[in-house]
Amino acid sequence: MHPRPSPIAASLYTLRDLNVDVIILHGPHGCCFRTGRLLENDGVHVVTTAMSENDFIFGASAKLEETLKEVDELFHPQLVGVVGTCASMIIGEDMREAVNNAKIPAKVLTVESHGGLSEGDNTEGAIAVLDAAKLEGVISSDEADRQTIMLKKATEIEKTRGMAQGKYIEPSYGDDKEEVAKILLDAFKNGDKIALVLNAKKETSYLFADILKIHFQDFYPENPPKIVANLDDGIGLPRIRQHAQNIKVELDMKVDLITGGLDEYPVTGKKAVKFLEKDDFDIVVVAGVPHALPIEKLKAKTIAITDGPRLVEPLKNLGYVWVVTELDAHAKTLGTDKIVPSDFGNVLRKKINEKQ
C-alpha cells in the first residue's frame, strides 16, 4: 500500500552498473527525476525526451530519434540506454524502431520498462535491462541468467521478510543509536563474543562497510570481532565488482569469511548464518540488507543496520533485538569510491574516543 521503488528506477541503476555513458528516459521530463539527477553524480548523463500532452496523442518517436542524435553529438557515447516509462508504454511507442532510424554509432540498449512492469516489482526493471544487454552481447547469457535468479530471490525476500509484504508499514527510525552503541561497546569490554556481518548491495555498501572500518581490535585487543562480508570482487557487473574491490582495499584487514558478491545479498545471508551457527556468539551485528539473513536461527542478541524506515518493523518481527537506521544511503554513496562515514559509525567512534 505504501510507495516502493520503481521498475524504471531499477532500470536506470542497472544501466549505470553496466557502465553506460548516457541514459535516455522516453517520457515526461519529470519522470523518475530524483533518480536521474542522482545518477549524474555517478558519471552517467541522464536526459529525457520530455514528452508532453500532445505526444501522448500523436506519439513521440520523432522526439526519441532527435534526442538520440543530440546525445551522440553532445557526448559521443559508446553505450546508451533508452528506457521506457508509463507514458511511452500506454501509447505503445516502438522505441526499437526509433533507435534503428536514428542510426547513431553507439551501441544502444532498448529497455521496455514502465512503473507497473509485470507485478510492479522494481527488480523487473533490472531484469529488463539484463535481457536487453544479453540481446546486444554486452553480457553473456550465463551472467544474465545468474543476475536474474538473484533479482527474483531479492523480490521473494522483500515480499516475505521485507517491506513489500502487502500491508501498510508505518515508517520508523528505529532504536536510539547512542543506546545501541553503548550496548555494543559494553559487550566488547565485557569479553562477549561478537560478529560483524556486511550483507549489503551495490553502492550502499560504501556506507554499511563503515562499521568494519572501525578497528575494534585495536581498542579491545583481547576480544576482536569476527568479520563476515559479501565482498567477492570477482562476481557481478563491472561497477559492482569495483565497489567490492575498493572496499576490501580500504579496509585492509582480515575478513574471516567472504560470503559472495555484492549482488548476491539475497543468498549470502544464508551462508553467513551457517558460519555463525558454528560458534556461540553473544552479539551479531548485520549491516546492509539484514532481512536477507535467517537471523531467527541464531541464539545471539542481534543488531540490524538498515537504510529503510519501513524495514524497522519487519526486522523486529524477524527477531532483531535492536534496529538502527541510516537515512539516504543511496544519495550519500553515489559518485564515491570510498567508504562513507555512517551515523552509527560516528556515534561508535565518539563513544570510543570518550573512553580513551
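Before any of the text, the structure's been laid out above.
Residues numbered from 1 in each chain as written. Predicted model: local features only at pLDDT ≥ 70, side-chain atom pairs only at ≥ 80, totals over all residues. Heavy atoms only, no water.

**Comments concerning the overall build of the chain**
This is how it is decided: Strands here are runs of E lasting at least two residues and helices are runs of H or I lasting at least four, both read from the DSSP assignment and numbered beginning at the N terminus. C-alpha atoms define the radius of gyration, and 2.2 Å times the number of residues to the power 0.38 defines the globule rule. Note on exposure labels: buried denotes an accessible area under 20% of the residue type's maximum, exposed denotes more than 50%, and partly exposed covers the range between, all computed with a 1.4 Å probe on protein chains only. Each accessible area is a Shrake-Rupley result for a 1.4 Å probe, and residues are judged covered by the shown protein chains and nothing else. Neither His nor the chain ends is counted toward charge; the positive residues are Lys and Arg and the negative residues Asp and Glu. Charge coordinates come from a single atom per side chain, which is NZ of Lys, CZ of Arg, CG of Asp or CD of Glu.
The helix and strand inventory of the chain stands at 17 helices and ten strands. Scaling as 2.2 N^0.38, a compact globule of 356 residues should have a C-alpha radius of gyration of about 21 Å, and the chain matches this with 22 Å. Counting only C-alpha atoms and orienting by the principal axes, one finds that the chain spans roughly 70 × 40 × 35 Å. Taken across its 356 residues, the chain has 54% of its residues classed as buried. Of the roughly 15900 Å² of accessible surface on the chain, a fraction of 49% belongs to carbon and sulfur atoms. For the chain, the distance from the average position of its 43 positive side-chain charges to the average position of its 55 negative side-chain charges is 5 Å.

**Quick notes on the sheet that holds strand 5 (residues 194–199)**
Selection rule: When DSSP locates at least two bridges between a pair of strands, those strands are taken to pair. Note on contacts: a residue pair qualifies if any of its non-hydrogen atoms lie within 4.5 Å across the two residues. Lines fitted to C-alpha atoms define the axes, with helix axes restricted to the stretch in contact, and inter-axis angles between N-to-C directions lie between 0 and 180 degrees.
Across the sheet, six strands lie side by side as 7-6-5-8-9-10; this open sheet has parallel pairing. Edge positions in the sheet fall to strand 7 (257–258) and strand 10 (322–325), since each of these pairs with one other strand and no more. As paired strands, strand 9 (residues 301–306) and strand 10 are joined by four bridges and run parallel to one another. Note on strand 10: the bridge partner recorded for I305 is V324. Of the strands in this sheet, strand 5, strand 8 (283–288), strand 9 and strand 10 are in contact with helix 9 (residues 177–189), which crosses strand 10 at around 125 degrees.

**Remarks on a positive patch on the surface**
In plain terms, the rule: Residues with no salt bridge and a relative accessible area higher than 30% make up the patches, which join like charges within 9 Å and nonpolar side chains (Val, Leu, Ile, Met, Phe, Trp, Tyr) within 5 Å. Think of a salt bridge as a Lys or Arg side-chain nitrogen and an Asp or Glu carboxyl oxygen that are within 4 Å of each other.
Together, K153, K270, K274 and K297 make up a positively charged patch on the protein surface. Of note, K297 is situated in the loop between strand 8 and strand 9.

**Some thoughts on a nonpolar patch on the surface**
There is a patch of nonpolar side chains on the surface, built from F56, I57 and F58 and spanning about 370 Å² of accessible area. By the secondary structure assignment, F56 is in helix 3 (residues 53–58).

**Observations concerning helix 13 (residues 238–251)**
Counted only if it meets this: By definition here, a helix of n residues has an expected span of 1.5 Å times n minus one. Starting at the helix axis, one direction is taken to each C-beta atom, and the arc is that of these directions.
The terminal C-alpha atoms of helix 13, which comprises 14 residues, lie 20 Å apart, in line with the 20 Å expected from a rise of 1.5 Å per residue. If you check which residues of helix 13 are buried, you get R239, I240, H243, A244, N246, I247 and L251. Considered in projection along helix 13, the buried side chains sweep an arc of 160 degrees and stay on one side of the axis. Two residues or fewer after helix 13 comes D252, characterised by a positive phi angle close to 45 degrees.

**Some points on the pairing of strand 4 (residues 107–111)**
A large share of strand 4 lies buried, amounting to four of its five residues. Sheet topology note: the strand 3 (residues 79–84)/strand 4 ladder contains five bridges and is parallel. Looking at strand 4, one finds that L79 is bridged to K107.

**Things to note about the environment of V267**
Considering the arrangement of structural elements, one finds V267 in helix 14 (residues 265–276). Its relative accessible area of 27% is what places V267 among the partly exposed residues. Separated by 26 residues in sequence, V267 and L293 have C-alpha atoms that sit 8.3 Å apart. Non-local contacts of V267, meaning those with residues more than four positions away in its chain, are made with M150 and K153.

**Comments concerning the packing of helix 9 against helix 17 (residues 343–355)**
Working note: a packed helix pair is described by the angle between its axes plus the distance between those axes. Rule in force here: We call two directions roughly parallel when the angle between them is under 35 degrees, roughly antiparallel when it is over 145, roughly perpendicular when it lies between 65 and 115, and oblique otherwise. Should the near helix be turned anticlockwise from the far one by less than a right angle, the crossing is left-handed, and should it be turned clockwise, the crossing is right-handed.
Where helix 9 contacts helix 17, the two axes come as close as 9 Å, and the packing angle between them is 55 degrees. Considered as vectors, helix 9 and helix 17 are oriented oblique to each other. At the point where helix 9 passes helix 17, the crossing takes the right-handed sense. Residues K177, E178, V180, A181, K182, L184, L185 and D186 of helix 9 form the contact with helix 17, whose participating residues are D343, F344, V347, L348, K350, K351, I352 and K355.

**Quick word on the sheet that holds strand 3**
Neighbouring strands of a sheet are bound in pairs by backbone hydrogen bonds; such pairs are parallel or else antiparallel. What the four strands build is an open sheet, ordered 2-1-3-4; its pairing is parallel. Edge positions in the sheet fall to strand 2 (45–48) and strand 4, since each of these pairs with one other strand and no more. Put simply, the sheet's adjacent strands are angled 20 degrees from each other on average, direction ignored. Packing against the sheet, helix 4 (residues 61–75) makes contact with strand 1 (22–26), strand 2 and strand 3, and its axis sits at approximately 160 degrees to strand 1. Docked against the sheet, helix 6 (residues 95–102) engages strand 1, strand 3 and strand 4, running at close to 165 degrees with respect to strand 4.

**Quick look at the packing of aromatic side chains**
Formally: Centres within 6.5 Å make a pair out of two Phe, Tyr or Trp rings, where for Trp the six-membered ring is used; the pair is then stacked when the planes are under 30 degrees apart, edge-to-face when over 60, and tilted otherwise.
A full pass over the atoms with the stated rule returns two aromatic pairs. Between F188 and F216, the aromatic rings sit 4.6 Å apart at their centres with planes inclined by 10 degrees, giving stacked as the arrangement. With F188 in helix 9 and F216 in helix 12 (residues 216–219), this pair connects stretches of sequence that are 28 residues apart. The two residues F188 and F216 agree in class, both being buried. Seen from their ring centres, F188 and Y220 are 5.2 Å apart, and the 15 degrees between their planes marks the pair as stacked. Of the two residues, F188 sits in helix 9 while Y220 sits in the loop between helix 12 and strand 6 (226–229), which places them 32 residues apart along the sequence.

**Thoughts on the nonpolar core**
Selection criterion: Only buried Ala, Val, Leu, Ile, Met, Phe, Trp, Tyr and Cys residues count toward a nonpolar core, and they belong to the same one when joined by side-chain atoms within 4.5 Å.
By size, the foremost hydrophobic cluster in this structure holds 74 residues, and its most contacted members are I23, I211, F216 and L348. Top element by residues in this core is helix 7 (residues 122–135). It accounts for seven residues. Within the second largest apolar cluster, 22 residues are counted, among which are A195, V197, A304 and L318.

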